[in-house]
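# Coordinate inspection notes
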Amino acid sequence: DAGITQSPRHKVTETGTPVTLRCHQTENHRYMYWYRQDPGHGLRLIHYSYGVKDTDKGEVSDGYSVSRSKTEDFLLTLESATSSQTSVYFCAISEFGSNTEAFFGQGTRLTVV
Amino acid sequence: AQTVTQSQPEMSVQEAETVTLSCTYDTSENNYYLFWYKQPPSRQMILVIRQEAYKQQNATENRFSVNFQKAAKSFSLKISDSQLGDTAMYFCAFMRTSGYSTLTFGKGTMLLVSP
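Everything numeric in this text was worked out from a predicted model, so none of it was measured.

## Some thoughts on the packing of aromatic side chains
Residues and elements named next belong to chain B. One pass over the structure, following the stated rule, counts 20 aromatic pairs over all chains. Measuring from ring centre to ring centre gives 5.9 Å for Phe-35 and Tyr-37, while their planes differ by 45°; the resulting arrangement is tilted. This pair shows no difference in class: Phe-35 is buried, exactly as Tyr-37 is.

## With respect to the side chain of A:Asp73
Residue and element names in this part refer to chain A. Assignment of secondary structure puts Asp-73 in strand E8 (residues 73-78). Using a relative accessible area of 9% as the deciding quantity, one classes Asp-73 as buried. Within polar-contact distance, the side chain of Asp-73 engages the side chain of His-24 at 2.7 Å. Apart from the residues lying within four places of it in its own chain, the contact partners of Asp-73 are Arg-22, Cys-23, His-24, Met-32, Ser-67 and Arg-68.

## Observations regarding the state of the cysteines
As used here, a disulfide is simply a covalent bond connecting the sulfur atoms of two cysteines. Here the structure, examined in full by the defined rule, presents two disulfides over all chains. The residue that forms a disulfide with A:Cys23 is A:Cys91, at a sulfur-sulfur distance of 1.9 Å. An S-S torsion of about -75° defines the bridge between A:Cys23 and A:Cys91 as left-handed. Note that A:Cys23 is positioned in strand E3 (residues 19-25) and A:Cys91 in strand E9 (residues 87-94), a separation of 68 residues in sequence. Here B:Cys23 engages in a disulfide with B:Cys92; their sulfurs sit 2.0 Å apart.

Parameters and conventions
- Residues numbered from 1 in each chain as written.
- Chains lettered and ligands numbered in written order.
- Predicted model: local features only at pLDDT ≥ 70, side-chain atom pairs only at ≥ 80, totals over all residues.
- Heavy atoms only, no water.
- Phe/Tyr/Trp six-rings, centres within 6.5 Å; stacked < 30°, edge-to-face > 60°.
- Buried < 20%, exposed > 50% of the residue type's maximum accessible area, 1.4 Å probe, protein only.
- Helix = DSSP H or I, 4+ residues; strand = E, 2+ residues; numbered from the N terminus.
- Polar contact = N/O pair within 3.5 Å; in protein donor to acceptor, adjacent residues only side chain to side chain.
- Contact = heavy atoms within 4.5 Å.
- Disulfide = S-S within 2.5 Å.

Printed below as a string of structure tokens:
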């Protein structure tokens, strides 16, 4: 299994508080992604990174920011959590090669109350 | 931007039968990857099968095979000899290979395999 871990696995937070989710990889993959999964919507891309300090927005980036100061870590921050950000968040990594695929973390269930 | 469409929100099949899940996509790219991922109740995302667009031969992995029609932008998944453990959400996904790579998912198809 690819070395990718998310923390925390579960979190309950109050509206208006900042929240940071962490994704850590040991595979030295160039690309890292944050997705949110909601019923009826599949997985939607929030932000992605193509290298250290190189990030870009996905389709649902409003209310989220990211940082990648090291190859192995990709942080997702909700500056001021809202109930609409209650979701399951997945981190993924990928690299092009002979067996290109994306590897996923275990997911983080975030509840904003 | 790429879009991926899965038109079957739910499907049911009996054990040992064959089922086909549909996926279409829209892109102006010529080279790309297509994937089917499985998500069981554990929430883990598991790669089922991968297809490279430049390869004309359809990918197969044991009981799983695809019908890749590049001109029609269609990428269906066939599961043969369905097993109870195949019950899961299945996602079709597109990955571009030019520029910065992103992975775009369809909304998923929930497959229920019954005894």
